[in-house]
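What follows is the residue order along each chain.
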Amino acid sequence: MNSSLPVQENVDLAPLLTLRTPAQARFYLCAQSIAEIRQGLEFARARDLPVLLLGGGSNLILVEDFDGLVLHLGLKGVTYTPQEDGSCIVRAAAGENWHELVTNTVARGYRGLENLALIPGTVGAAPVQNIGAYGVELKDTLTRVEVLDRRTFQCRTLTNPECGFSYRNSLFKTSDGQHFIILAVEFRLDRSRPLQVGYGDLARVLESRGAEMTEASVMQAVMEIRRSKLPDPKLIPNVGSFFMNPIVDCRQFQHLQQQYPQIAHYPLHDGRHKLAAGWLIDQAGWKGYREGNVGVHDRQALVLINPGQGRGSEVIELARKIQRDILQRFGVALNIEPVRVPGD
Ligand code: EPU
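Residues numbered from 1 in each chain as written. Predicted model: local features only at pLDDT ≥ 70, side-chain atom pairs only at ≥ 80, totals over all residues. Heavy atoms only, no water.

### Considering the site of the ligand
Around the ligand, the structure places 22 residues, and the nearest of them are Y134, Y167, R168, Y199 and D282. Within the contact set of the ligand, an oxygen atom lies 2.7 Å away from a side-chain nitrogen or oxygen of R168. Separating an oxygen atom of the ligand from a side-chain N or O atom of R226 is a distance of 3.4 Å. For the shell around the ligand, the elements supplying multiple residues, two or more each, are α4 (215-229), β13 (238-241) and α6 (277-283). The greatest single-element share of the shell around the ligand, amounting to 3 residues, is contributed by α6. For the shell around the ligand, a count of residues per class yields 12 nonpolar, 5 polar and 5 charged. When residues are assigned to domains, the shell around the ligand turns out to be shared by domain 2 (78-189) and domain 3 (238-341), each giving three or more. (Near = heavy atom within 4 Å. Polar contact = N/O pair within 3.5 Å; in protein donor to acceptor, adjacent residues only side chain to side chain. Helix = DSSP H or I, 4+ residues; strand = E, 2+ residues; numbered from the N terminus. Nonpolar A, V, L, I, M, F, W, Y, C, P; charged D, E, K, R; others polar. Domains from an automatic or database assignment.)

Set out below in structure tokens:
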């Protein structure tokens, strides 16, 4: 082992997870450079330990202690490279804070990320679940992702199509992509792309204000909506949406709509329908429910909360109860969205 490598032992991860679940890491390293990432991987390999990558800890549930190396990605740096056509290539290192990146791009007058304001977490974690909100997804502006291959320790660049993005999903969530460590993300932003303001809540807030539509006013409206519905993880521990919005075929949708004419849904291009998991959970009466340390947020039923700083297993137990209930009532299976360690 490189003796200068700042590896710590038996580190409490709760402060590094927005769900604040207590869990110990046997070893912990905050890597500030690619060289330190490689050294951390060598450290783990030499001891035959598993490695868990950590960004902002805002989409991660540790169900038990981690008997391996937690590698916290602390790479920093953002560059803006204006292009001749008026667009700008923005490259941000994995350890940068996502929301700060959004506000900085908007302050410079660039469009493309404004709908994704206030999403907790780091830049490097954003491609993993293809973060999305208010009609925009990361994949809409992302051009390339720089990665390090854990098996070979080599760096390479993946193009947008190579990242296999879809709703809350990417290559990085699959067995083919789990060996990639995201080092940096590149976007193409510009000053004139059409603003995406069609999403129900967003359209209502912007209309009620009657203000000029700019990337800054859209970002402000998004922040207002998020603050009104979603709990601030610093005050009420949570990992955002706990379940993905389920997609059902046309037949099942028609059947559900007959029974529940008010059912919240978004038609997809292929005839299927995406249902609002929050609506289903709310209808089933779970909103505001509390069980011991954990519960369901009282303003958005899709968000599980951990105000009592309970263990990851308590949160998962509540999630299982909700999944069973929704399956029984509506015949719809809900999938947990954040990454769980260990997985199923
Ligand atoms: N709804 C209810 N009750 C609830 C929650 C929602 O009836 O408790 C209804 C709403 O009235 C609305 C529909 O369900 O008709 C959808 O609700 P909302 O607009 O709040 O969005 P969502 O589908 O619940 C998704 C994302 C959020 C993102 C918002 C806005 C997923 C899993 N979640 O939530 O993402 O901010 O849309 O685009 O796709 C996250 O991933 O952590 C996250 C917060």
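After that view of the structure, there is still more to cover.
### Examining the domain arrangement of the chain
What the domain assignment reports for the chain is domain 1 (8-73), domain 2 (78-189) and domain 3 (238-341). Using C-alpha coordinates to define each centre, domain 1 is positioned 29 Å away from domain 3. With both chains or domains summed, domain 1 and domain 3 bury close to 1400 Å², and 58% of this area falls on carbon and sulfur atoms. Its largest share of buried area at the contact with domain 3, domain 1 owes to L19, N59 and I61, together 44% of the area lost on that side. Where domain 1 meets domain 3, there are 1 salt bridge. Scanning the region where domain 1 abuts domain 3 turns up 7 residue pairs in polar contact (both at pLDDT 80 or more). A total of 3 residues in the side of domain 1 that touches domain 3 trace back to one element, the largest contributor, which is strand β4 (residues 60-62). Per-class residue counts for the side of domain 1 that touches domain 3 are 8 nonpolar, 4 polar and 3 charged. (Buried area = accessible area lost by both parts, 1.4 Å probe. Salt bridge = Lys/Arg side-chain N within 4 Å of Asp/Glu carboxyl O.)

### As for the side chain of R340
Relative to the helices and strands, R340 resides in strand β20 (residues 339-341). Every residue in contact with R340, bar those within four places of it in the chain, is listed here: I61, V63, I316 and R320. (Contact = heavy atoms within 4.5 Å.)

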